[in-house]
Amino acid sequence: AGGVDTTLDPVALHHHLTLHAVVPAPRTILKGVRKLAPGHVMTIDANGKSETRPYWRLKARRPAMQLGEQAWIVRVRESLLAAVERQQTAADVPVGVLLSGGLDSSLLVGLLDQLGHREVQTFSIGFGDLDLAGADSGNEFIYSDAVASHFRTRHRKYLIPDAEVLAALPEVVDQMSEPMVSQDVAAFYLLAQRVSRSVKVVMSGQGADEVFGGYFWYPKMDAEPGTPLEKFARHYFDRDHAEYLTTVGDAFAVDDVTSTLVAARLAEPDADSFLDQVLRFDATTLIVDDPVKRVDNMTMAWGLEARVPFLDHELVELAMSMPPELKLKEGGKWPLKAIARGLIPDSVIDRPKGYFPVPAFKYPRGRFLDFMRGVLDSEACRQRRLFRRDTVDALLAAPMDHTTRLQGAKVWHLALLEYWLQRHVDAAREPMR
């Protein structure tokens, strides 16, 4: 529309390159665009005066009355069942499930079955024709097939070749309200394209890992010595401050603003332990600008509404009052595993933790690496002087040698950001024909 300052915000850039593309509100990557913080409402009067205030805050404190393990399981199951039923009945159209084959989405199918919903429509997707020794498989159909068969769902699965993923990248990036580096963004876009032909509302397992402690880094953080910030940063930050300064040009150098922000967020009151601090920060800040936003952007691109029962606010409040050590039992998400036992196949419950696999972004090579090289070697990228050329050259020379603590390819992170700027900022500056 014009009239917006589209220069890069160096503070937001520091957050973006440190917190796995998360830029906490009110900032965005662009100086002239700001966003409303989660759990807040903004009121603007007739004179243009605005006021922002919080309407909800999440506490992570134990209840006054102590509960045993089984009592916690009963409460979580009741709350989760209520959330699933609410989000199912609120639709006046059939509701499907994005079935990855993991515990979370499989449990949603099982709970829908318990609630009397038969022949639920389920959808799975797989990717890739890469053949990398020791690399992640591009699909988890063995698990989603087992769940679909167990509950006799109306199941559809789609295997997408790498060429189609690469061809769709311009469309995927165009749908990103902000730069998103997670490898599964393209997966959700292409899955939503196909699912939208069958249903208009789906349930997704987003949020279960953050709310119930499912990620591998939580226990590692907890075992670390040091301050809460030090414990968190060693296992989450994509790059430390010193590496940030060697990645970006001098014009984007700032103090270690991300460490300052994270330390302040972790230190907010009403969290009983370090893990309570981390899980609350994840649920109220990190998840908002990463998994929730990317699923929302990519599904709504096709007019598909994705609902997330694990982020029902009453369930989240209950989970945040639970002792973290119960969540981290048996490798994490113990309450959900306990609820699922006897309901869904044990092979799904006891499998190693998986992620939505798109190997081409995690292990850049071939056409995908050529694409990233083309973006980072482009004249637009060189003129922007956002990244130092020696850093870019090192990443392109050995892309699989440079990964983040969350197992992402750093070359993809830089290429995605630059490509997003070309599609959203540079293109907007071009004169209309």
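Before going into details, it helps to say that this report is about the structure given with it.

Reading the values: rules and limits
- Residues numbered from 1 in each chain as written.
- Predicted model: local features only at pLDDT ≥ 70, side-chain atom pairs only at ≥ 80, totals over all residues.
- Heavy atoms only, no water.
- Helix = DSSP H or I, 4+ residues; strand = E, 2+ residues; numbered from the N terminus.
- Rg over C-alpha atoms; globule rule 2.2 N^0.38 Å.
- Contact = heavy atoms within 4.5 Å.
- Areas by Shrake-Rupley, 256 points an atom, 1.4 Å probe, with all protein chains shown as cover.
- 1 Å grid on protein atoms, 1.4 Å probe; cavity = no way out; pocket = protein on both sides within 12 Å on 5 of 7 lines; lining within 4 Å.
- Points joined across faces, edges and corners; volume = space filled by probe spheres on them.
- Nonpolar A, V, L, I, M, F, W, Y, C, P; charged D, E, K, R; others polar.
- Buried < 20%, exposed > 50% of the residue type's maximum accessible area, 1.4 Å probe, protein only.
- Arc of directions from axis to C-beta.
- Polar contact = N/O pair within 3.5 Å; in protein donor to acceptor, adjacent residues only side chain to side chain.
- Salt bridge = Lys/Arg side-chain N within 4 Å of Asp/Glu carboxyl O.

Some points on the overall build of the protein
Counting secondary structure elements, the protein contains 21 helices and 7 strands. The C-alpha radius of gyration computed for the protein amounts to 22 Å, which stays within 12% of the reference 22 Å derived for 433 residues, consistent with globular compactness. Considering only contacts within the protein whose residues lie at least 6 apart along the sequence, 76% involve residues at least 24 apart. For the protein, the exposed surface amounts to about 19000 Å²; the carbon and sulfur share of it is 51%.

Describing empty space enclosed by the protein
According to the stated counting rule, one finds 3 cavities of 30 Å³ or more in the structure shown. Leu169, Val172, Met176, Met180, Ser182, Gln183, Val185, Ala186, Phe361, Trp412 and Leu416 together form the lining of the largest cavity. Contributions of two or more residues to the lining of the largest cavity are made by α5 (162–174), α6 (185–195) and α21 (410–429). For the lining of the largest cavity, the residue count by class is 9 nonpolar, 2 polar and no charged. Of the voids in this model, the second largest cavity is the one considered here, and its volume is about 40 Å³.

Looking at helix α4 (residues 141–151)
The complete set of buried residues in α4 reads Phe141, Ser144, Val147, Ala148 and Phe151. In an axial view of α4, the angular spread of the buried residues amounts to 130 degrees, which keeps them on one side of the axis. Summarising the geometry of α4, the exposed residues directed more than 90 degrees from the buried face are Ile142 and Ser149. For α4, the elements touching its buried residues are α3 (103–114), β4 (121–127), β5 (154–160) and α16 (346–349). The positive-phi residue at the C-terminal boundary of α4 is Arg152, with phi of around 55 degrees.

A few points about the environment of Ile344
Turning to its location among the elements, Ile344 is positioned in the loop between α15 (334–340) and α16. Along the backbone, Ile344 and Thr153 are 191 residues apart, and their C-alpha atoms lie at a distance of 13 Å. Among residues more than four places away in sequence, those in contact with Ile344 are Leu103, Ser106, Leu107, Gly110, Phe151 and Ile349.

Focus: the environment of Arg27
Its place among the elements puts Arg27 in the loop between α1 (10–18) and β1 (40–44). Separated by 47 residues in the primary sequence, Arg27 and Val74 have C-alpha atoms spaced 40 Å apart. If we ignore the near neighbours within four places in the chain, the residues touching Arg27 are Asp9, Val11, Ala12, Val33, Arg34 and Lys35. Within the structure, the side chain of Arg27 is placed 2.8 Å from the side chain of Asp9, a separation counted as a polar contact.

Focus: the pattern of salt bridges
In total, this model carries 36 salt bridges according to the counting rule given. Of the charged contacts, one joins Asp9 and Arg27 as a salt bridge, the two residues approaching to 2.8 Å between their closest N and O atoms. Taken together, the positions of Asp9 in the segment before α1 and Arg27 in the loop between α1 and β1 put the pair 18 residues apart, joining distant regions of the chain. Under the relative-accessibility criterion, Asp9 is labelled buried at 4%. Relative accessible area serves as the criterion here: at 29%, Arg27 is assigned to the partly exposed category.

By themselves, these figures tell us nothing about what the structure is for.
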